[in-house]
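Single-letter residue listing:
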Amino acid sequence: MKEVKKCSISGVAFTMDADAYQELENYLDSLKKTYKDTPDGAEIVADIEARIAELILTTQDNTRVVEKPLILNIIHQMGSVEDISEESSDKKAPEEPRIPRRLYRDTENAKLGGVCAGIGKYFDVDPVWIRLGMFLPILLSFLHWIPFMDWTGSMMGNLFGIFVICYVIMWFAVPAARTARQKLEMNGEKITEQERILPARIFTTPAGETVVDFGQEITGYVEVSLDAHAGDCVELSHAEVLDKYGNFYTENYRAAKAKFFYFCKDGFQTWHPKLTFFGFRYIRVDQFPGGAKAVRPDNFTAVVVCSDLQRTGFLSSSNPLLNKLFDNIIWGQKGNFVDVPTDCPQRDERLGWTGDAQVFIRTACYNFDTETFYRKWLADLAADQYPDGHVDHVIPAILENQKTSAAWGDAACVCPWELYQAFGDADILRSQFDSMKKWVGYITSSTTTKNLWTGGEHYGDWLGLDAPSGSYKGSSDEDLIASAFYAHSTELVMKAGNVLGEDVSEYETLSKNI
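The structure presented is a predicted model; accordingly, all values stated were derived computationally and were not measured.

Trainee: Tell me about the overall build of the chain, and please be specific about residues and values.
Mentor: Within the chain, the regular secondary structure consists of 14 helices and 15 strands. Counting only residues that meet the buried cut, the chain has 42% of its 514 residues in that class. Intrachain contacts of the chain at a sequence separation of at least 6 include 69% that bridge at least 24 residues. Accessible area of the chain: about 28,200 Å², with a carbon and sulfur share of 55%.

Trainee: Tell me about the pattern of salt bridges, residues and numbers included.
Mentor: Taken as a whole and assessed by the stated rule, the structure comprises 26 salt bridges. Ionic pairing is found between D286 and R284, a salt bridge with its closest N-O pair at 2.6 Å. The partly exposed category is assigned to D286, whose relative accessible area is 29%. With relative accessibility at 22%, the residue R284 sits in the partly exposed group. Between K376 and D380 there is a salt bridge; the shortest N-O distance is 3.0 Å. Pair noted here: K376 and D380 are both in helix α10 (residues 371-384), with a separation of four residues, about one helical turn. Like D380, K376 is buried. Taken together, the salt bridges that share partners define one network made up of E209, E235, K259, R284 and D286.

Trainee: Describe in detail the pairing of strand β13 (residues 300-307), supporting the description with residues and values.
Mentor: Taking burial as the measure, the eight residues of β13 include eight buried ones, the bulk of the element. Taken together, the six bridges between strand β4 (residues 191-197) and β13 define a ladder with antiparallel strand orientation. Residue pairing across strands places E195 opposite V304, the latter belonging to β13. Sheet topology places strand β6 (residues 210-228) next to β13; five bridges connect them, and they run antiparallel. Across the sheet, the residue bridging to Y221 is V303, located in β13.

Trainee: Please give an account of the environment of S405 that cites residues and values.
Mentor: Note that S405 resides in the loop between α10 and α11 (411-423). When its relative accessible area of 1% is taken as the criterion, S405 is described as buried. For the pair S405 and G355, spaced 50 residues apart in sequence, the C-alpha separation works out to 8.8 Å. Apart from residues no more than four positions distant in its own chain, S405 is found in contact with H393, D410, W439, W453, E457, H458 and Y459. A polar contact is formed between the side chain of S405 and the backbone nitrogen of Y459, at a distance of 3.0 Å.

Trainee: Quick one: what's the story with the sheet that holds strand β3 (residues 65-66), residue by residue and with numbers?
Mentor: Reading across from one edge, β1-β2-β3 is the order of the three strands in this open sheet, with mixed pairing throughout. Of all strands in the sheet, those bounded by a partner on one side alone are β1 (4-9) and β3. Relative to strand β2 (residues 12-17), β1 runs antiparallel, the two being bridged by six bridges. If you follow K6 over to β2, its bridge partner there is T15. Of the strands in this sheet, β1, β2 and β3 touch helix α1 (residues 18-35), which is tilted by about 120° from β2.

Trainee: Explain the environment of D227 to me, and be specific about the residues and the numbers.
Mentor: By the secondary structure assignment, D227 is in strand β6. Among all residues touching D227, those that are not within four sequence positions of it are G267 and F268. Polar side-chain contacts of D227 include one of 2.9 Å to the backbone nitrogen of F268.

Trainee: An account of the nonpolar core is needed here, citing residue identities and associated values.
Mentor: With 45 residues, the main nonpolar core has Y374, W377, L381 and W439 as its most contacted residues. At the level of elements, α8 (320-336), α9 (354-367), α10, α11, α12 (426-446), α13 (478-500) and α14 (505-513) are the ones that each hand at least two residues to this core. Those residues in contact with W377 that sit more than four places away from it in its chain are V340, P341, G352, T354, A357, I395, A411 and C415. Residues Y262, F300, A302 and V303 belong to the second largest nonpolar core, which totals 28 residues.

Trainee: Which residues make up a nonpolar patch on the surface, and what values go with them?
Mentor: Among the surface-exposed residues, L315, L322, L325 and I329 lie close enough to one another that they form a single nonpolar patch of about 310 Å² accessible area. Assignment of secondary structure puts L325 in helix α8. The partly exposed category is assigned to L325, whose relative accessible area is 48%.

Trainee: With reference to specific residues and values, describe the packing of aromatic side chains.
Mentor: Counted under the stated rule, the structure contains 16 aromatic pairs. Ring centres 5.2 Å apart and planes at 65° place the aromatic pair F260 and W271 in the edge-to-face group. Within this pair, whereas F260 is found in strand β10 (residues 259-263), its partner W271 is found in strand β11 (residues 267-271), the two being separated by 11 residues in sequence. Owing to a relative accessible area of 6%, F260 belongs among the buried residues under this scheme. Residue classification places W271 among the partly exposed positions, given a relative accessible area of 26%. Members of the aromatic cluster, connected to one another through ring pairs, are W353, W408, Y459, W462 and Y472. Sitting over the ring of F203, R201 keeps its end group 4.0 Å from the ring centre.

Trainee: Lay out the state of the cysteines in plain terms, naming residues and giving numbers.
Mentor: Enumeration over the complete set of coordinates arrives at zero disulfides. Distance from the sulfur of C365, which forms no disulfide, to the nearest cysteine sulfur (C415) is 8.8 Å. Since its relative accessible area comes to 9%, C365 is described here as buried.

So, how was this worked out
- Residues numbered from 1 in each chain as written.
- Predicted model: local features only at pLDDT ≥ 70, side-chain atom pairs only at ≥ 80, totals over all residues.
- Heavy atoms only, no water.
- Helix = DSSP H or I, 4+ residues; strand = E, 2+ residues; numbered from the N terminus.
- Buried < 20%, exposed > 50% of the residue type's maximum accessible area, 1.4 Å probe, protein only.
- Contact = heavy atoms within 4.5 Å.
- Areas by Shrake-Rupley, 256 points an atom, 1.4 Å probe, with all protein chains shown as cover.
- Salt bridge = Lys/Arg side-chain N within 4 Å of Asp/Glu carboxyl O.
- Pairing = 2+ DSSP bridges.
- Polar contact = N/O pair within 3.5 Å; in protein donor to acceptor, adjacent residues only side chain to side chain.
- Axes fitted to C-alpha atoms, helices over the stretch in contact; angles between N-to-C directions.
- Core = buried A, V, L, I, M, F, W, Y, C linked by side-chain atoms within 4.5 Å.
- Patch = residues over 30% accessible without salt bridge, like charges linked within 9 Å, V, L, I, M, F, W, Y side chains within 5 Å.
- Phe/Tyr/Trp six-rings, centres within 6.5 Å; stacked < 30°, edge-to-face > 60°.
- Lys NZ or Arg CZ within 6 Å of the ring centre and 35° of its normal.
- Disulfide = S-S within 2.5 Å.

Function cannot be read off these values alone, since they describe shape.
This is how it looks when you write it as structure tokens:
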């Protein structure tokens, strides 16, 4: 029996024989190397992968094993890597590899398809008929040669003219919109699959639950691989810990259900959730084709996802506990850096809490190259900041009727400065300087005591060990904490202004008086 391998091409799961898998892997690796240094290289390779997946699916269902002859035929259709990049020994290679001819034709067709799809969606008509309609007026325009049909020439000519105008507009509008979309997408780091973790064990709890333990708390999702019949259901629940009796425990998830249902098709299949993620170490198998006895370790793979950040901080010592602590910090950062610096990845919250962000940012910058990641988030903060300078508790600001708090809103000043300290780029301060000043201005205008920050509601010494019974706030005076942050943010505006060569005399006076 031939060895087979599971793989995903452009988000579509396939099973391939080992030879086909190796041919495709070599081809894609060569493409990635060829396009590595080009501006749109990653997008071109992704488009090629999408085309390969499309060609496979037009030939056979993805439940069948893909064999080597099919892959070789597809590679031949796409063109060799040498053909694509136009590199040869007797011809100077262009400065950038070109888009494959086949893909280029598809790109041109996509412009026409964009026009037809847009018109079809508006009128609720299949885009195929719109495509035909664009060429039909050419034929009908000749009907004026037929007696009593001369009126069709002018009418259809005008209709065709309208289609031509729409097409020309879209011809130029599509690339412009695409460029704008790319700029928006590239504003932050991409979210990618980082690691794949196999189950450490499968066991039955005292309550009789079938539980899979991956041995590591992660942020991501579970990929399921199984043979099933159409309509069979896979139901999985997620958890971080077990209770004191060793049973599955989700009370800390609060209202988050943290589960998914997958309804199978016939045959072997591999699937994982899209457009979501979970924080978990354990999964409970609530439903599975064949029941609990059919559950095997190779049915499940935990996929770690986070923003694609380069690791820069490492620590190794002779103390195993210290090493484990640092390892947990790294995992905690990866788990909470999925496009937004969150406080937790698992429960019904998963929000960009500003207080958490400003406390952790210095450590985060030591551990990973987070410059682009935080620049994007700080741009969100400035965009969500109120005209009076108020900064919400969470960014992006998706909660209603938020108030602000010392230490949380001060992220507007603390985070840009820490990012500048870590990476030395004054443009970070330049981008956020107005936001920093607005925050200090908000405190100055909202306080009930001049040169202090009093009044309002604050989180204070949140989760302080000396918190009174029934409260999360420590016993430290909230006005004292708020005023200390008022002084700190004012000082940071002064420092940032000095770096940028701005006049900060107003803030120097304010700092002396606080």
